[in-house]
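Chain residues, written in single-letter form:
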Amino acid sequence: MSNSDFALFMGQLLKKPHQVVALAPSSRFLCAEMVAGLDPDGGPVIELGAGTGNITRAILGAGIAPENCHSIEMNPEFCDRLRARFPRLNVHHMSAGDIGHLPVDNAQAVISGLPLLSMPTELQRAILTGFTRRVTPGGSYVQFTYGPKPPVARAVRDELGLEWRRSGKIWWNMPPARVYRFSQPVSVPA
Ligand SMILES: C[S@@+](CC[C@H](N)C(=O)[O-])C[C@H]1O[C@@H](n2cnc3c(N)ncnc32)[C@H](O)[C@@H]1O
């Protein structure tokens, strides 16, 4: 990450601490875990809370074409940086709460850098319900967290029947983090 990205991130953290909610951008070790399993031929990827683009870069590095990646970010200065850095990327300046209205079908995964745990349950519900509408059956919602618990409120997990897998702790990140992969069980036709 460049010095100018770091400065932009820190500047926005000071201006909008409740939106950025991280001490530093995700490390390359965390980014690698976030994008593990993406399939270059598996359909579109939706990214939430792209920030200065560390996870975006890893998504593209995993072989996803920029035209097939849709990055949602509510901070206009981060959006400008993303557009300058990744000209063919689809950058959507909007709230992740509106993901249900994104004109993208059959996404293979949603990769989220959002501060989900600090969001109200109602917003989490809108985001996770939108996820279930935009992904193909069996698609994942991938989310990192610094805390010990699953980063989606229990009420939302229960309502949507979400199952999850959790990575080991990624120590080379500030602070150390884990990655959760949520999905809905795929129903088998009788
Ligand atoms: C913890 S930073 C993560 C940045 C980057 N993805 C990374 O991992 O380094 C959280 C990002 O989520 C964005 N964000 C917060 N709330 C959001 C919302 N409701 N909709 C879209 N983006 C949001 C912030 O502007 C910020 O860029």
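Procedures and definitions
Every chain's residues receive numbers from 1 upward, in the order its sequence appears when written. Local features in this predicted model are restricted to residues whose pLDDT is 70 or higher, and side-chain atom pairs enter the listing and the counts only when it is 80 or higher, whereas totals over whole chains, interfaces and linings include all residues. Excluded from the side-chain calculation are hydrogens and water; included are all heavy atoms of the structure. Runs of E in the DSSP output that reach at least two residues are strands. Runs of H or I that reach at least four are helices, and both are numbered from the N terminus. A radius of gyration in this sense is built from C-alpha atoms; the matching globule rule multiplies 2.2 Å by the number of residues raised to 0.38. Contacts are assigned to residue pairs that have any heavy atoms within 4.5 Å of one another. When charges are counted, neither His nor the chain ends are considered; positive counts come from Lys and Arg and negative counts from Asp and Glu. Working definition for charges: the position is that of NZ of Lys, CZ of Arg, CG of Asp or CD of Glu. Two strands make a pair as long as DSSP finds a minimum of two bridges between them. Interaxial angles span 0 to 180 degrees and are taken between N-to-C directions of axes, which are lines fitted to C-alpha atoms, for helices over the stretch in contact. For classification purposes, angles smaller than 35 degrees are called roughly parallel, those larger than 145 roughly antiparallel, those between 65 and 115 roughly perpendicular, and all remaining angles oblique. For a crossing to be left-handed, the near helix must be turned anticlockwise from the far one by less than a right angle; the clockwise case is right-handed. In this classification, the charged set is Asp, Glu, Lys and Arg, the nonpolar set is Ala, Val, Leu, Ile, Met, Phe, Trp, Tyr, Cys and Pro, and all remaining amino acids, among them Gly, are polar. Our working definition of a disulfide is a cysteine sulfur pair at a distance within 2.5 Å. Working definition: with a 1.4 Å probe on protein chains only, accessible area under 20% of the residue-type maximum means buried, over 50% means exposed, and in between means partly exposed. Salt bridges are counted wherever a side-chain nitrogen of Lys or Arg sits within 4 Å of a carboxyl oxygen of Asp or Glu. Under the rule applied, a polar contact is a pair of N or O atoms within 3.5 Å (in protein, one hydrogen donor and one hydrogen acceptor; residues adjacent in sequence only if both atoms are side-chain atoms). What makes a patch is a set of residues exposed beyond 30% relative accessible area and free of salt bridges, joined within 9 Å when like-charged and within 5 Å when nonpolar (Val, Leu, Ile, Met, Phe, Trp, Tyr). The protein chains shown are the only cover counted for residues, whose accessible areas, like all others here, come from Shrake-Rupley with a 1.4 Å probe.

**Student:** Could you give me a rundown of the overall build of the chain, with the residues and numbers involved?
**Tutor:** A tally of regular secondary structure across the chain gives seven helices and seven strands. The C-alpha radius of gyration of the chain comes to 15 Å, within 12% of the 16 Å expected for a compact globule of 190 residues. Counting contacts in the chain only where the partners sit at least 6 residues apart, residues at least 24 apart contribute 67% of the total. On the chain, the mean spot of the 19 positive side-chain charges and the mean spot of the 15 negative ones are 7 Å from each other.

**Student:** Go over the sheet that holds strand β3 (residues 90-93), please, and point to the residues and values.
**Tutor:** Two strands in a sheet stick together by hydrogen bonds in their backbones, pointing the same way (parallel) or opposite ways (antiparallel). If you trace the seven strands from one edge of the open sheet to the other, you get β3-β2-β1-β4-β5-β7-β6, paired in mixed fashion. Of all the strands in the sheet, the pair left with one neighbour each is β3 and β6 (163-166). This sheet shows a mean twist of 20° between the axes of neighbouring strands, independent of strand direction. Relative to strand β4 (residues 107-112), strand β1 (residues 45-48) runs parallel, the two sharing four bridges. Across the sheet, residue Glu47 finds its bridge partner in β4, namely Ile111.

**Student:** Account for the packing of helix α1 (residues 3-15) against helix α5 (residues 76-85), naming residues and giving values.
**Tutor:** At their nearest, the axes of α1 and α5 sit 11 Å apart, and the two run at 165° to each other. On the basis of the axis angle, α1 is roughly antiparallel to α5. Note that α1 runs across α5; the crossing there is left-handed. Residue-level contacts link Ser4, Asp5, Leu8, Phe9, Gln12 and Lys15 of α1 to Glu77, Phe78, Arg81 and Arg85 of α5. Residues that form the contact of α1 with α5 fall into these classes: three nonpolar, two polar and five charged.

**Student:** Any details on the state of the cysteines? Residues and values, ideally.
**Tutor:** Covalently bonding the sulfur atom of one cysteine to the sulfur atom of another cysteine gives a disulfide. Per the stated rule, a full pass over the model turns up zero disulfides. Looking at the unpaired Cys31, the closest cysteine sulfur is the one in Cys69, lying at 12 Å. A relative accessible area of 4% means that Cys31 is categorised as buried. This cysteine, Cys79, is not joined by any disulfide, and Cys69 carries the nearest cysteine sulfur, 13 Å off.

**Student:** So what about the pattern of salt bridges? Which residues, and what values?
**Tutor:** One pass over the full model with this rule turns up eight salt bridges. Among the ionic pairs, Arg85 bridges to Asp5, the shortest N-O distance being 2.3 Å. Residue Arg85 is located in helix α5, and its partner Asp5 is located in helix α1; the two are separated by 80 residues in the primary sequence. Taken together, the shared-partner salt bridges connect Asp5, Arg81 and Arg85 into one network.

**Student:** Mind laying out the environment of Glu47, listing which residues take part and the relevant values?
**Tutor:** Within the fold, Glu47 resides in strand β1. Overall, the relative accessible area of 1% leaves Glu47 in the buried class. Measuring from C-alpha to C-alpha, the distance between Glu47 and Val142 comes to 9.4 Å, with 95 residues separating the pair along the chain. Leaving out residues up to four positions away in the same chain, Glu47 has contacts with Ile55, Thr56, Ile59, His70, Ser71, Ile72 and Ile111. Here the side chain of Glu47 touches Ser71 through a polar contact of 2.8 Å, side chain to side chain.

**Student:** Go over a nonpolar patch on the surface, please, and point to the residues and values.
**Tutor:** A surface patch of nonpolar side chains, about 450 Å² in accessible area, is lined by Phe29, Trp171 and Trp172. Within the secondary structure, Trp172 sits in the loop between β6 and β7 (178-183).

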